[in-house]
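# Coordinate analysis (summary)
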Amino acid sequence: MLKLIKYELKATARIFLIAYAALIVVSIFSAVTGASSQNSTSGMITTQGQVISSILYSLASIIFVILSMGVTVVTMIIFVTRFYRMFGSEGYLWFSLPVTANQHLICKVLVALFWTITSFNVLLGCAFMQIASVAGIGFFYELADLWKSIVYQGMHPVLWIVCFMILSLSSITTSIMISYAAIAIGPSMVKSRFGGTMLAGLLIVICTQFVSRIMSTFTSNTLAQLMDQLNRISSNAAFSAALDDVFVYTTVVSSLMSVIVSVALYILAHHFMSKRLNLA
Amino acid sequence: MNQVNPAYPLLQTQNLTKTFGNITALYNVNIIVPPGRIIGLLGPNGSGKTTLIKLVSGLLTPSDGQIWINGIAPGPKTKTLVSYLPDKLYFDSWMKVRDCVALFADFYTDFDRSKATDMLTALGVDLKQSFRSLSKGTQEKVQLALVMSRQALLYLLDEPIGGVDPASRDYILETIIRNYNEQGTVIISTHLIYDIERVLDDVIFLMNGMIERVSSVDEIRYQTNKSVDEVFREVFRC
């Protein structure tokens, strides 16, 4: 399993590391030009140097936005194409190794999650660098003050962040499993592997939408009650407690649904990889 | 080290059938393969040779029937016993030749790294070279060298001499003969009988997905007074 992960990371690292390096270089360049263009005492552009800095900053910002979108798209494309190629000529290597379908699947999911989380963190870090260069270090003091005031009002921002992380992780896992299940089932559906994958993907999305509809009918009443409770509260302490309840409830329900869908898709993909494998 | 289980044939198929939609690629194939043989899986294009090899390798799932390798159904365990060379280039574009060698060494306990390195050096292949930068013929030879560097019980070689020049054919056959584990069996699929006949012990003729004949090469020569190539041409005459 670790060996599989090692090869999967090696295969994908080159592309991601180059993309991250490009993103970081552009961010640093943008931060430097951003800081120097803001450097006039009156806040207005006064010298030729500042005009150039301003143009370079705008250019670097545009490149940064394009690169950020590029990294997001590349992250998705790579984990999908890596798995898709496993069912083509590369599958002759991977499926003839003494490795179980479980090990293949877990390895691919873990590596996809690893790169998704890393890409998110790199993007976040670069975005912070951009903001800090323009708004100055004061931005972080303002952020800290905002945090303190939220905590002072009895709210729990750490809990919100944890909820956000759980929700993100579970929904990313579901997206990965939707793609992987579609790719694993695709070749068995129609003669064209690509067509089969698309068709399987469409059917899986329809099914997951159906399941989420059913689940939401069971949970909508409780959520409505919690929201109602929230609207009728007047004291700060009670409000923050009720808000926490809404966050936790939404996270638990959504994550549970994601886990159920992901596990079902995992079982489906595993079945097709171990019992109904048909490499073209 | 992989050991032949004397209680079972090395490879056995029972009523093995494979269909793709309305097309029957293999029908009711029953074969028993003992250890220590070099077997030619012979038949014209579309006769089911590749399908049979892929089924035994576990890359296809039978529509009907059974397969046992050393008494075990195809799965991760049999993949430790089988060394499979497909008729495709399967290494990823990022890999250097040394990565290909390392991958085999990582996953196959019966892989002899020094043997592989020697064979690649003899081929003039630099281990630091990117696999995809090699010519197609050399890529095929690298894959063959890796597959033959395993001490497997069953070697499944799908068209190893298809599409290569006569000099390369000799090199490939030499590589197979010199390097296979003699406790095991080699199955070579091809329709180029003339080139391969001299190395074969037995032949399996496949016609339209069915077994036409299973025989030893000596038996064919003794009974017909003809070479396997001549018999093949008679049997599969259009």
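The notes below deal with the structure included here. (Residues numbered from 1 in each chain as written. Chains lettered and ligands numbered in written order. Predicted model: local features only at pLDDT ≥ 70, side-chain atom pairs only at ≥ 80, totals over all residues. Heavy atoms only, no water.)

Glancing now at unusual backbone geometry. All names here are of chain B. With a phi close to 50°, Asn15 is a non-glycine residue in the positive phi region. With respect to the secondary-structure elements, Asn15 resides in strand S1 (residues 11-20). The phi torsion at Asn208 lies on the positive side, around 50°, for a residue other than glycine. Assignment of secondary structure puts Asn208 in the loop between strand S8 (202-207) and strand S9 (210-216). The exposure class assigned to Asn208 is exposed, which follows from its relative accessible area of 61%. (Helix = DSSP H or I, 4+ residues; strand = E, 2+ residues; numbered from the N terminus. Buried < 20%, exposed > 50% of the residue type's maximum accessible area, 1.4 Å probe, protein only.)

Turning our eyes to something else, we now look at the nonpolar core. Most often, soluble globular proteins have nonpolar side chains that are buried together. In terms of nonpolar packing, the biggest core is built from 132 residues, with Phe87(A) and Phe104(B) touching the most fellow members. For this core, the leading source of residues is helix H4 (residues 101-135) of chain A, giving 11 residues. Discounting chain neighbours no more than four positions away, the residues touching Phe104(B) are Leu93(A), Tyr90(B), Phe91(B), Phe111(B), Leu146(B), Val147(B) and Arg150(B). With 7 residues, the next largest nonpolar core counts Ile150(A), Met155(A), Leu226(A) and Leu243(A) among its residues. (Core = buried A, V, L, I, M, F, W, Y, C linked by side-chain atoms within 4.5 Å. Contact = heavy atoms within 4.5 Å.)

All names here are of chain A. Within the element layout of this structure, Thr197 appears in helix H7 (residues 193-232). Overall, Thr197 belongs to the buried group, its relative accessible area being 10%. Once the C-alpha coordinates of Thr197 and Met155 are considered, the two residues, 42 residues apart in sequence, prove to be 46 Å apart. In this view, Thr197 contacts Tyr84, Ala182, Ile183 and Gly186; residues no more than four positions away in its chain are not counted.

The subject of this paragraph is the packing of aromatic side chains. Overall, the coordinates contain 17 aromatic pairs over all chains when judged by the stated rule. Where Tyr7(A) meets Phe107(B), the ring centres are 6.1 Å apart and the plane angle is 45°; that geometry is what we call tilted. Of this pair, Tyr7(A) sits in helix H1 (residues 2-37) while Phe107(B) is found in helix H2 (residues 97-107), placing the two residues in two different chains. The same class applies to Tyr7(A) as to Phe107(B), namely buried. Judged by centre distance (5.4 Å) and plane angle (65°), the ring pair of Phe83(A) and Phe87(A) falls under edge-to-face. On the accessibility criterion, Phe83(A) (0% relative accessible area) is buried. Take Phe87(A): its relative accessible area is 4%, and that puts it in the buried class. Through a chain of ring-to-ring contacts, the aromatic side chains of Tyr90(B), Phe91(B), Phe104(B), Tyr108(B), Phe111(B) and Phe131(B) assemble into a single cluster. The side chain of Arg193(A) reaches across the aromatic face of Tyr84(A), ending 4.1 Å from its centre. Positioned above the aromatic ring of Tyr108(B) is the side chain of Arg150(B), whose terminal nitrogen or guanidinium carbon lies 3.7 Å from the ring centre. (Phe/Tyr/Trp six-rings, centres within 6.5 Å; stacked < 30°, edge-to-face > 60°. Lys NZ or Arg CZ within 6 Å of the ring centre and 35° of its normal.)

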